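Here is how the chains run, residue by residue.
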Amino acid sequence: MKKEQKSEIADILGGVIAERRNFYITDISTLTVAQTNDLRRLCFQKGVQIQVVKNTLIRKALSNANIETESFKPVLKGPSAIMFAENYTTPAKLIKEFRSNHTKPVLKAAFIEASLYVGDDMIDTLMTLKSKEELIADVIALLQSPMKRVLGGLQSGGNKIAGIVKTLSEKEESK
C-alpha cells in the first residue's frame with residue numbers, strides 16, 4: 001500500500017472517529033475465515049461497522065481526530081480490528097454474544113465519550129453503560145419523585161377533607 005493510500009485511509013478513519021466519538025478496538029486474529037464471516041454477518045445485522053486496520057493507521061486516525069494517543073500505546077499491539085456503532089453498548093453486547101460460541105473477539109479497548117476502557121474485563125461494564133439521554137431521564141425522574149409525593153399527599157388530604165365535610169353536611173341534613 002502506498003503512502004498516499006495509507007494517509008487517505010487514516011484521514012477517513014479519523015473523520016469517522018471524530019464524528020462518532022465512540023469505538024471499540026478488538027483482536028480477531030485467530031478466527032477462521034468462516035468465523036470471521038459469521039462475525040461480520042452478525043455485525044451487519046446489529047448495525048456495527050467492523051474494519052481490520054493496522055495499528056499505525058489507527059494511531060494516525062486518532063491523531064487526526066484530536067484524540068490523545070499516548071494512552072492507546074499499550075493497546076495498539078498485535079492485530080487490531082475497530083468497531084463503530086450508533087449505540088455504544090451494541091459492540092459490547094455483540095462481542096459477548098459472539099463469544100458464547102467462540103474465543104474471540106477479545107476487547108483491547110473501548111473509547112466512549114472521551115473515556116478509555118482498557119481490557120477485556122470491561123465488557124460487562126460497557127454493556128451496562130447508560131447513554132447521556134438515559135442519565136438525564138433518570139435525574140429528572142429522581143427530581144420529580146418528591147414533588148409527585150407532595151402533590152399526591154395534598155390531593156389525598158383535600159379529598160379526605162371534602163369527604164368529611166360532605167359526611168357532616170349529610171348528617172346535618174338528616175337531622
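Reference entry: report on the structure contained in this document. Nothing here was measured: the structure is a model prediction, and the numbers come from that model.

## Some thoughts on the packing of aromatic side chains
In step 1: Using the criterion set out here, one finds four aromatic pairs in the structure.
In step 2: Their ring planes at 20° and their centres at 6.1 Å tell us that Phe23 and Phe72 sit as a pair that is stacked. Taken as a pair, Phe23 in strand S1 (residues 22-27) and Phe72 in the loop between helix H3 (55-64) and strand S3 (81-84) lie far apart in primary sequence, 49 residues in all. Each member of the pair, Phe23 as well as Phe72, is classed as buried.
In step 3: The buried category is assigned to Phe23, whose relative accessible area is 1%.
In step 4: The structure contains a cluster of three or more aromatic residues connected by ring pairs, namely Phe23, Phe72, Phe84 and Phe111.

## Brief notes about helix H4 (residues 90-98)
In step 1: Listed as buried for H4 are Thr90, Pro91, Ala92, Leu94, Ile95 and Phe98.
In step 2: Lining the buried residues of H4 we find S1, helix H2 (33-46), S3, strand S4 (106-112) and helix H5 (123-127).

## As for the nonpolar core
In step 1: Among the nonpolar cores identified, the biggest contains 22 residues, and Tyr24, Leu39, Met83 and Leu126 are the most heavily contacted of them.
In step 2: Of all the secondary structure elements, the ones that give two or more residues to this core are H2, S3, H4, S4 and H5.
In step 3: Residue contributions to this core peak at four residues, all from H4.
In step 4: Leu13, Ile25, Leu76 and Ala109 belong to the second-largest nonpolar core, a separate cluster that totals 19 residues.

## Description of the side chain of Asp27
In step 1: If you trace the backbone, Asp27 turns up in strand S1.
In step 2: Separated by 2.8 Å, the side chains of Asp27 and Ser29 make a polar contact.
In step 3: In terms of polar contacts, Asp27 uses its side chain to reach the side chain of Lys104, at 2.9 Å.
In step 4: Those residues within four positions of Asp27 in sequence are excluded, and the remaining contacts are Pro79, Lys104, Pro105, Val106 and Lys108.

## Re the environment of Ala110
In step 1: Tracing the chain through its elements places Ala110 in strand S4.
In step 2: Assessed through its relative accessible area of 0%, Ala110 is described here as buried.
In step 3: Dropping the residues within four chain positions of it, Ala110 is found in contact with Phe23, Tyr24, Ser115, Leu116, Tyr117 and Leu126.

## Details of the packing of H2 against H4
In step 1: Following both chains from N to C, one finds H2 and H4 inclined at 145°, their axes separated by 11 Å at the closest point. With respect to the hand of their crossing, H2 and H4 are arranged in right-handed fashion. Where H2 approaches H4, its residues Gln35, Asp38, Leu39, Leu42, Cys43 and Lys46 are matched on the opposing element by Thr90, Leu94, Glu97 and Phe98.

## Structural notes on the sheet that holds strand S2 (residues 49-52)
In step 1: Judged by pairing direction, the sheet is antiparallel, and its five strands sit side by side in the order S2-S3-S1-S4-S5 without closing on themselves. One side of each edge strand has no neighbouring strand; the edge strands of this open sheet are S2 and strand S5 (115-118). Across the sheet, the mean angle separating the axes of adjacent strands is 20° when strand polarity is ignored.
In step 2: Inspection of the sheet shows S2 paired to S3 by four bridges, in the antiparallel sense. Bridged to Gln49 within S3 is Phe84.
In step 3: Relative to the sheet, H4 contacts S1, S3 and S4, its axis offset from that of S1 by approximately 25°.

Reading the values: the criteria
Residues numbered from 1 in each chain as written. Predicted model: local features only at pLDDT ≥ 70, side-chain atom pairs only at ≥ 80, totals over all residues. Heavy atoms only, no water. Phe/Tyr/Trp six-rings, centres within 6.5 Å; stacked < 30°, edge-to-face > 60°. Helix = DSSP H or I, 4+ residues; strand = E, 2+ residues; numbered from the N terminus. Buried < 20%, exposed > 50% of the residue type's maximum accessible area, 1.4 Å probe, protein only. Contact = heavy atoms within 4.5 Å. Core = buried A, V, L, I, M, F, W, Y, C linked by side-chain atoms within 4.5 Å. Polar contact = N/O pair within 3.5 Å; in protein donor to acceptor, adjacent residues only side chain to side chain. Axes fitted to C-alpha atoms, helices over the stretch in contact; angles between N-to-C directions. Left-handed = near helix turned anticlockwise from the far one by under 90°. Pairing = 2+ DSSP bridges.

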